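Residue-level structural notes
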Amino acid sequence: MPELPEVETVRRMLAERVVGSVIRSAALSGLPLREPIARTLPARLRGRRIEAARRIGKYLLIDLDRDLTLVSHLGMSGRWRYEAAAPPPERHVHARLALAGGGELWFEDPRRFGLLRLVRRGALARDPALRALGPDPILEPQGGESLREIARGTRVAVKNFLLDQHRIAGLGNIYASEILHRARLDPRLAAGRLTAREWSAVARSIPAVLEEAIRRSGTTFSTYRTVSGQPGRYGERLRVYERAGEPCRRCGATIRRIVQGQRATYFCPRCQRRNGRGRDSY
DNA sequence: ATCCTATCCTGTAGGC
DNA sequence: TGCCTACAGGATAGGA
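Small disclaimer: the values here were computed from a predicted structure and weren't measured. (Residues numbered from 1 in each chain as written. Chains lettered and ligands numbered in written order. Predicted model: local features only at pLDDT ≥ 70, side-chain atom pairs only at ≥ 80, totals over all residues. Heavy atoms only, no water.)

Near DNA strand B, the surroundings consist of Arg-91, His-92, Pro-110, Arg-111, Arg-112, Phe-113, Thr-154, Arg-155, Val-156, Arg-167 and Gln-262. A distance of 3.4 Å separates a sugar or linking oxygen of DNA strand B from a polar backbone atom of Arg-111. Its residues assigned to classes, the surface near DNA strand B comprises 3 nonpolar, 3 polar and 5 charged. (Near = heavy atom within 4 Å. Polar contact = N/O pair within 3.5 Å; in protein donor to acceptor, adjacent residues only side chain to side chain. Nonpolar A, V, L, I, M, F, W, Y, C, P; charged D, E, K, R; others polar.)

So, in structure tokens, the structure goes:
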């Protein structure tokens, strides 16, 4: 599941391999993703030069000349893939960009929850996908006080708070659980009721987990791959995610799996405590 | 306003 | 072995 570290890994590789290239031609599968890909996309991409690869939250932005930006989101199973030589056709390739000088850039997405949309750069900040995003925790790190302010008044569980892209942009199901384990916080606590000290622990844990995951090229469960097809290596570092029934690496207690908002949450019932809080605190 | 649920999709894992 | 079903989750529309 591509979250901030996976998207950042893809961004870095695109920056290295395709920035500076010119798109010679483009072709679409014709199948809709989260929304249909505009049929005019190939014509608008032809001849454009790739100027930069950026990331905001889980969105990957490919800046082109003539003030255009290709906005992409990998959804659940999306992948940008670079092939140096003309590769054989494969399933689930929804956009193929042939680069001048050889090489192809593919947007693959079996589950089609992804997004591909061409936007004028001047209109980016107003684009519905990006407009309402909260701060990106790597580009705009938030301290504990700031997080506490963002959470003021909300009763949602802190795990769900971390998943809300409108509050903080980039965390998904894997890293939300990992961050709360590092911060030693029960994922069921009401976000609006955490203490300053608890928010401070969350604020420190977010970049610690994300930066280590970026160093290891992200986490691969099933489909995620880097641009060149390598799996991420953070999986072996996971402390709780997908480890239900296994011992906590910190205290040895058995990791639990619960469901919050129809999503799995993993946590250690011993070292992620409620700190003697009352029943109404979550 | 705030919060929660159902929905989209397909590869994979588990049961029998 | 093969068929069937349940499950995984990011974002969002719509309902409570």
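What follows continues from the structure just given.
This brings us to the sheet that holds strand β1 (residues 23-28). Spatial ordering of the open sheet is given by β1-β6-β7-β5, a layout of 4 strands whose pairing is antiparallel. Each edge of the sheet is formed by a strand with only one pairing partner; in this case those strands are β1 and β5 (79-83). Put simply, the sheet's adjacent strands are angled 15 degrees from each other on average, direction ignored. Both β1 and strand β6 (residues 93-99) contribute to a ladder of 5 bridges, which runs antiparallel. Within β6, the residue paired with Ile-23 across the bridge is Leu-99. (Pairing = 2+ DSSP bridges. Helix = DSSP H or I, 4+ residues; strand = E, 2+ residues; numbered from the N terminus. Axes fitted to C-alpha atoms, helices over the stretch in contact; angles between N-to-C directions.)

Let's shift gears to the packing of aromatic side chains. Overall, the coordinates contain 4 aromatic pairs when judged by the stated rule. For the ring pair Tyr-241 and Tyr-266, a centre distance of 5.1 Å and an interplane angle of 70 degrees mean the geometry is edge-to-face. Of this pair, Tyr-241 sits in the loop between α7 (196-215) and β9 (256-260) while Tyr-266 sits in strand β10 (residues 263-267); the two residues are 25 residues apart in sequence, bridging distant segments of the chain. The same class applies to Tyr-241 as to Tyr-266, namely buried. (Phe/Tyr/Trp six-rings, centres within 6.5 Å; stacked < 30°, edge-to-face > 60°. Buried < 20%, exposed > 50% of the residue type's maximum accessible area, 1.4 Å probe, protein only.)

Every one of the 15 residues lining DNA strand C counts as a neighbour, but His-73, Gln-165, Asn-173, Arg-257 and Arg-263 are closest to it. If you look at DNA strand C and keep only atoms within 4 Å of the protein, 60% of those are sugar or phosphate atoms. The contact in question runs from a sugar or linking oxygen of DNA strand C to an N or O atom on the side chain of Arg-34, over 3.5 Å. At a separation of 3.1 Å, a phosphate oxygen of DNA strand C approaches a polar side-chain atom of Lys-58. Here the surface near DNA strand C is built from residues that sort into 5 nonpolar, 5 polar and 5 charged.

Attention now goes to the domain arrangement of chain A. Here the domain parsing of chain A yields domain 1 (4-131) and domain 2 (144-276). In this structure, domain 1 and domain 2 have C-alpha centres spaced 29 Å apart. Every contact between the two is made by 19 residues of domain 1 and, on the other side, 20 residues of domain 2. Counting the surface lost from both domain 1 and domain 2, the interface buries some 1,600 Å², and carbon and sulfur atoms represent 66% of this. Looking only at domain 1, the three residues that lose the most surface to domain 2 are Pro-5, Glu-6 and Arg-79, adding up to 33% of its buried area. Here domain 1 and domain 2 share 0 salt bridges between them. Secondary-structure elements contributing two or more residues to the side of domain 1 that touches domain 2 are α1 (4-17) and β5. Of all the elements, α1 adds the most residues to the side of domain 1 that touches domain 2, at 10 residues. (Domains from an automatic or database assignment. Contact = heavy atoms within 4.5 Å. Buried area = accessible area lost by both parts, 1.4 Å probe. Salt bridge = Lys/Arg side-chain N within 4 Å of Asp/Glu carboxyl O.)

Should the sulfur atoms of two cysteines be covalently bonded, the bond is a disulfide. Going through the model one piece at a time under the given rule, you end up with 0 disulfides. Lacking any disulfide linkage, Cys-251 is separated from the closest cysteine sulfur, that of Cys-268, by 3.5 Å. Residue classification places Cys-268 among the buried positions, given a relative accessible area of 0%. (Disulfide = S-S within 2.5 Å.)

The next point concerns the pattern of salt bridges. According to the stated counting rule, one finds 23 salt bridges in the structure shown. In this structure, Glu-83 and Arg-81 form a salt bridge, with 2.7 Å as the shortest nitrogen-oxygen distance. Glu-83 sits in the partly exposed class, given a relative accessible area of 21%. On the accessibility criterion, Arg-81 (9% relative accessible area) is buried. Here the salt bridges share partners, and the residues they tie into one network are Glu-8, Arg-11, Arg-12, Arg-55 and Asp-136.

The next point concerns unusual backbone geometry. Negative phi characterises most residues that are not glycine, and trans characterises most peptide bonds. At His-92, a residue that is not glycine, the phi angle is positive and equals roughly 70 degrees. Mapped onto the elements, His-92 comes out in the loop between β5 and β6. Even without glycine at this site, Ser-217 takes up a positive phi of about 65 degrees.

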